[in-house]
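# Coordinates in review
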Amino acid sequence: MLFFEIRIIINIGYETDNSKLVKLKTKIHSSLRTVEWKNNAVVMIDQTKLPNKLVFVKYTDYKDVANAIRTLVVRGAPAIGISGAFGLALAALQSKAKSKEKLLEDLEKARNTLFETRPTAINLAWGLDKIMKVANKSNNVTEIKKLIIQTAKKMAEEDIETNMNMGKHGAALFENNDRIMTHCNAGALATVGYGTALGVIRATKESGKKIKVIATETRPVMQGSRLTAFELKHDGIDVSLIPDTAVGYAMFKGLVNKVIVGADRILRTGHVYNKIGTYQVAMMAKQHNIPFYVAAPLSTFDLKSNPEDVIIEQRNRSEVTQIGDRKTAPDDIDVINPAFDMTPPELITGIITEVGIAKPSFEESIKKLFKSKM
Ligand code: MRU
C-alpha cells in the first residue's frame with residue numbers, strides 16, 4: 001500500500017515495549033510532542049501503536065498526513081487541528097507553483113483533502129482556515145510558503161500555552177482528594193502537549209492537591225485504556241481503569257466526585273460534541289449530583305452551527321465486530337458505530353477554556369469569554 005511505503009518510522013530508539021517505556025525518566029507531556037514540524041517534515045507519534053510501542057512517523061506529503069488523521073495515527077481535536085495546519089505547510093512545500101494564484105489553487109486542493117478526513121472536530125477546519133488566511137497575506141510565492149510554515153509552527157507552540165492556561169483556570173475547581181472521572185483521551189496525546197481535560201488534571205496535581213483519576217476504557221477504539229491510562233500512569237498520576245459499563249457502578253459507589261472531559265466541538269449554546277459515551281457519563285453524573293466539566297480551547301467552539309448542522313462521524317463496522325483480528329460478532333450483523341455524541345448544556349456544570357470558565361446560562365457566558373479574548 002502506498003501509505004506504508006511512504007511513511008518512514010524514525011527514532012526506533014523509542015520503539016520499545018511498555019515496561020521499558022515507563023522506565024524513561026521523562027514526562028509524556030513535557031518531553032514529547034504529539035505532532036511537530038522538524039526539518040520540513042511533520043513528525044508525529046503513531047497513536048495506533050500505543051501503549052505497546054512508542055513509534056514516531058515522519059511525513060513529507062500532505063496526503064499522508066490526511067491518511068494519518070483518517071486512520072487515527074493522530075487523533076484528538078486540537079492535535080488534528082495542528083496536523084491539518086502542518087499538512088498545508090507540506091502542501092505549500094510540495095507545490096511547484098510559480099504564481100500566487102496557482103499556489104492558492106494547490107493549497108485549496110490540499111485543504112479539501114485534509115478537511116474531508118474527519119467531520120466532527122471543528123479544530124480541523126480552524127487549523128486549515130487559519131493557514132488559508134495567511135496564504136493570502138502576500139503576493140510572493142516564497143514569502144507565502146515561509147509565512148505558512150511560521151504560522152503552523154506558532155500554532156503548535158500556542159497549543160501548549162493554551163492548555164497550560166486552561167489548566168490554571170480549571171485547577172481552581174478541583175480539591176484535595178478529588179476522585180475525577182474522565183472519558184476518552186483529552187490528554188497530551190490529543191493535543192500538541194499537556195492536554196485539555198488531562199491538562200486540568202495535571203495542573204491540579206502540580207498545584208499540590210492529591211487526586212485520583214478514574215479512566216473509562218472508551219470502546220470501541222479504547223482511547224481511555226490505550227492512551228489516557230498510559231499517559232497518566234507514565235506521568236505518575238494515580239489512575240484506575242474501568243470498563244465503560246462500570247460508570248454507573250463507580251458513581252453509585254462514591255468512587256467519583258467530579259467528571260472532566262474534552263470536546264471536539266462546542267456550540268454557542270453550550271452543546272458539547274465529544275467521544276461517543278460522553279452523553280451517558282454526563283447523564284449518570286446528573287443522576288448522582290456529580291459536577292460535570294468540559295475543558296476545551298476557544299478553537300473548539302463553533303459559534304455558527306446549530307445542533308442539526310453537526311455531522312457525527314460514523315466509523316468502520318470492524319471497530320465493533322472485532323477486537324484486533326478476533327471476530328466478536330456474527331457475520332453480516334448490522335452495526336451502528338457513531339464516533340461522537342452530543343451532551344446538552346443542562347448536563348454541564350462548566351466549560352473551562354484558556355480565558356476563563358463558562359457557566360450556565362452558556363450562551364451569555366460563552367459570548368463574554370470570546371469578548372475577553374478580543
Ligand atoms: O476519535 P478521537 O480519538 O479523535 O476522539 C477524541 C475525543 O473525543 C476527545 O475527547 C476530544 O477530541 C477532546 S481532545 C482534547
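Residues numbered from 1 in each chain as written. Predicted model: local features only at pLDDT ≥ 70, side-chain atom pairs only at ≥ 80, totals over all residues. Heavy atoms only, no water.

Let's shift gears to the overall build of the protein. Across its full length, the protein holds 14 helices and 17 strands. The globule rule puts the C-alpha radius of gyration for 374 residues at 21 Å, and the 20 Å found for the protein is close to it. The principal-axis extent of the C-alpha atoms belonging to the protein is close to 65 × 50 × 45 Å. Within the span of the protein, comprising 374 residues, buried residues form 56% of the whole. Of the contacts made within the protein by residues no fewer than 6 positions apart, 75% connect residues no fewer than 24 positions apart. By element, 53% of the accessible surface of the protein is carried by carbon and sulfur atoms, the whole surface being about 16,800 Å². When the 53 basic and 41 acidic side-chain charges of the protein are each reduced to a single mean position, those positions are 5 Å apart. (Helix = DSSP H or I, 4+ residues; strand = E, 2+ residues; numbered from the N terminus. Rg over C-alpha atoms; globule rule 2.2 N^0.38 Å. Buried < 20%, exposed > 50% of the residue type's maximum accessible area, 1.4 Å probe, protein only. Contact = heavy atoms within 4.5 Å. Areas by Shrake-Rupley, 256 points an atom, 1.4 Å probe, with all protein chains shown as cover. Lys, Arg positive; Asp, Glu negative; His and termini not counted. Charge placed at Lys NZ, Arg CZ, Asp CG, Glu CD.)

To continue, consider the domain arrangement of the protein. Think of interface size as the accessible area that goes away when the parts come together; that is how it is often given. For the protein, the assigned domains read domain 1 (4–160) and domain 2 (164–373). In this structure, domain 1 and domain 2 have C-alpha centres spaced 24 Å apart. The interface of domain 1 with domain 2 comprises 35 residues on the first partner and 37 residues on the second. Across the interface of domain 1 and domain 2, roughly 3,100 Å² is buried in total on both sides, 58% from carbon and sulfur atoms. (Domains from an automatic or database assignment. Buried area = accessible area lost by both parts, 1.4 Å probe.)

Surrounding the ligand, one finds 17 residues, the nearest of these being Arg 75, Arg 118, Asp 264, Asn 274 and Lys 275. Contact between the ligand and Arg 75: an oxygen atom at 2.8 Å from a side-chain N or O atom of the residue. In the environment of the ligand, an oxygen atom lies 2.9 Å from a nitrogen or oxygen atom belonging to the backbone of Ala 77. Here the ligand has 410 Å² of accessible area as a free molecule, and 99% of this is covered by the chains. Those elements that place two or more of their residues in the shell around the ligand are α5 (77–94) and β10 (272–275). (Near = heavy atom within 4 Å. Polar contact = N/O pair within 3.5 Å; in protein donor to acceptor, adjacent residues only side chain to side chain.)

Hydrogen bonds between backbone atoms are what pair the strands of a sheet, whose relative direction is either parallel or antiparallel. Here four strands make up an open sheet; going across it, the order is β12-β9-β10-β15 and the pairing mixed. Lying at the two open borders of the sheet, with one neighbouring strand each, are β12 (301–302) and β15 (340–343). Of the strands in this sheet, β10 and β15 are in contact with helix α12 (residues 278–287), which crosses β15 at around 30°. (Pairing = 2+ DSSP bridges. Axes fitted to C-alpha atoms, helices over the stretch in contact; angles between N-to-C directions.)

This next bit is on the pairing of strand β6 (residues 211–216). Counting buried positions along β6 yields five of six residues, so the element is predominantly enclosed. Relative to β6, strand β5 (residues 178–182) runs parallel, the two being bridged by five bridges. Note on β6: the bridge partner recorded for Met 181 is Ile 214. The β-α-β motif built from β5, the intervening helix α9 (residues 197–206) and the parallel element β6 has right-handed crossover chirality. In this sheet, strand β7 (residues 239–242) lies alongside β6 in parallel orientation, the contact comprising four bridges. When the sheet's bridge partners are listed, Val 213 is paired in β7 with Val 239. (Right-handed = clockwise from strand over helix to strand, strands pointing away.)

Glancing now at the side chain of His 183. Position of His 183 among the secondary structure elements: in the loop between β5 and α9. Classification of His 183 as buried rests on a relative accessible area of 4%. Within polar-contact distance, the side chain of His 183 engages the side chain of Thr 216 at 2.7 Å. A distance of 2.8 Å separates a polar atom in the side chain of His 183 from the backbone oxygen of Ile 276.

A word on helix α10 (residues 223–234). Helix length check: α10 (12 residues) gives 15 Å between terminal C-alpha atoms against 16 Å at 1.5 Å per residue, within 8%. Gly 236 occupies a position one or two residues after α10 and carries a positive phi of about 75°. (Expected span 1.5 Å × (residues − 1).)

On to the pattern of salt bridges. Scanning the entire structure with this criterion turns up 17 salt bridges. A salt bridge links Arg 202 to Asp 235; its shortest N-O distance comes to 2.9 Å. Placement of Arg 202 in helix α9 and of Asp 235 in the loop between α10 and β7 is noted, with a sequence separation of 33 residues between them. Between Asp 331 and Lys 327 there is a salt bridge; the shortest N-O distance is 3.1 Å. Across this residue pair, the class does not change: Asp 331 and Lys 327 are exposed. Residues joined in a network through salt bridges with shared partners are Arg 118, Glu 313, Arg 315 and Glu 319. (Salt bridge = Lys/Arg side-chain N within 4 Å of Asp/Glu carboxyl O.)

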